[in-house]
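Structural overview
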Amino acid sequence: MARIPKPTAIQVLTLMVFWGQIQNYMMRTNLSILIVDMVTNDETEQVTNGNQSITPQTCLVDKSETFFSNKVPTNPLRETKFTWGPFLQGQVLASFSYGYVTTQIIGGRLAEKYGIRKVYGGSLFMTGVITFLLPIAAKLDVYALIALRVLQGVFEGVTFPSLHAMTARWVPPCNRNSFIARSYFGSTFGVIFTFPLCGALVPSYGWECPF
């Protein structure tokens, strides 16, 4: 019987980095779509249309079964909404980048000194722990949410520099092009998975679930 060839070390490393990059981008991009459901529109805001002031109370629509056959049932898990203005929403989304820029330079050096497993693996683990805490922080105070997102950026800022340091030392020059193309491509898959999954989970389980 023909023996099944064992995967090479490069192939195993490629798969692990590919999966790690999926996790990396799922945790950094999920808030970009979840904030749409987290924030509520101010119902007291009036929209001026010419000389007429239109409020939600003036727009009466017949929502009978004849016209609306696909009704979405009210989910009690989705009752928590936040009245963040556009500027505050921007700060929430940008806070990740504030922390991300702080560890870009030292990330590679940390991997050289302490190893890729501790730096890259540890950063993804800590980012995952913080991700679980984001719904709690959001309900406590928006600035607690911003602080945790900054901390997420600090941890994830070392990921790409540590990968570059690892590639330079672990991957032979003849394999680097294919290794980078295959493993780093997990970043794109992270975004591809995150947005549809968030869109599927939120209507049934609320915005806290994807975190």
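Counting from 1, residues in each chain are numbered in the order their sequence is written. Residues qualify for local features only when their pLDDT is at least 70, as the model is predicted, and side-chain atom pairs are given and counted only at 80 or more; totals for whole chains, interfaces and linings, by contrast, use all residues. Derived side-chain values reflect all non-hydrogen atoms in the structure, with water molecules and hydrogen atoms excluded from consideration.

1. With respect to a nonpolar patch on the surface
Applied cut-off: Exposure above 30% relative accessible area and the absence of a salt bridge qualify a residue for a patch, where like charges join within 9 Å and nonpolar side chains (Val, Leu, Ile, Met, Phe, Trp, Tyr) within 5 Å. Residue burial considers only the protein chains on display, and all accessible areas are found by Shrake-Rupley using a 1.4 Å probe. By definition, a salt bridge exists where a carboxyl oxygen of Asp or Glu is found within 4 Å of a side-chain nitrogen of Lys or Arg. Here a helix means four or more residues in a row that DSSP labels H or I, a strand means two or more in a row labelled E, and each is numbered from the N terminus. Residue exposure (1.4 Å probe, protein chains only): buried if accessible area is under 20% of the type maximum, exposed if over 50%, otherwise partly exposed.
Together, Phe125, Met126, Val129, Phe132, Leu133, Ile136 and Leu140 make up a nonpolar patch on the protein surface, roughly 730 Å² of accessible area in all. For Val129, the position within the fold is in helix H4 (residues 116–140). Note on Val129: relative accessible area 34%, which makes it partly exposed.

2. Points about the packing of aromatic side chains
The geometry of two aromatic rings is summed up by the distance between their centres and the angle between their planes. We apply this condition: Only centres within 6.5 Å qualify two rings of Phe, Tyr or Trp (six-membered ring in Trp) as a pair; their planes then separate them into stacked at under 30 degrees, edge-to-face at over 60, and tilted for everything else.
Going through the model one piece at a time under the given rule, you end up with 9 aromatic pairs. Judged by centre distance (5.6 Å) and plane angle (25 degrees), the ring pair of Phe96 and Tyr100 falls under stacked. On the criterion of helical spacing, the pair formed by Phe96 and Tyr100 is a turn pair, its members being 4 residues apart in helix H2 (residues 86–100). On the basis of an interplanar angle of 90 degrees and a centroid distance of 6.2 Å, the ring pair of Trp207 and Phe211 is categorised as edge-to-face. Considered together, Trp207 and Phe211 belong to a single accessibility category, that of buried residues. A network of ring pairs unites the aromatic residues Phe18, Phe185, Phe189 and Phe193 as a single cluster.

3. With respect to the nonpolar core
As a rule of thumb, soluble globular proteins bury nonpolar side chains together. How we decide: Buried residues of nine kinds, namely Ala, Val, Leu, Ile, Met, Phe, Trp, Tyr and Cys, make up a nonpolar core once their side-chain atoms join them within 4.5 Å.
Core analysis: the biggest nonpolar cluster contains 20 residues, and Met38, Trp84, Val92, Ala138, Leu145 and Phe211 have the highest contact counts within it. Within the residue set of this core, elements represented by two or more residues are helix H1 (9–38), H4, helix H5 (142–156) and helix H8 (186–205). In this structure, Leu13, Tyr100, Phe160 and Val171 belong to the second largest nonpolar core, which totals 15 residues.

4. Let's talk about the confidence of the model for the protein chain
Which entries qualify depends on this criterion: Each residue carries a pLDDT score, the predictor's own confidence in it, on a scale running from 0 to 100. Working rule for contacts: check all heavy atoms of both residues, and any pair within 4.5 Å makes them a contact.
Mean pLDDT for the protein chain: 84, with 81% of residues reaching 70 or above. Averaged pLDDT values over the elements of the protein chain bottom out at 40 in strand S1 (residues 47–49) and peak at 96 in H5. Taken as a whole, residues 43–78 scores under 50 in pLDDT and shows 27 contacts with residues more than four places along the chain or in a different chain.

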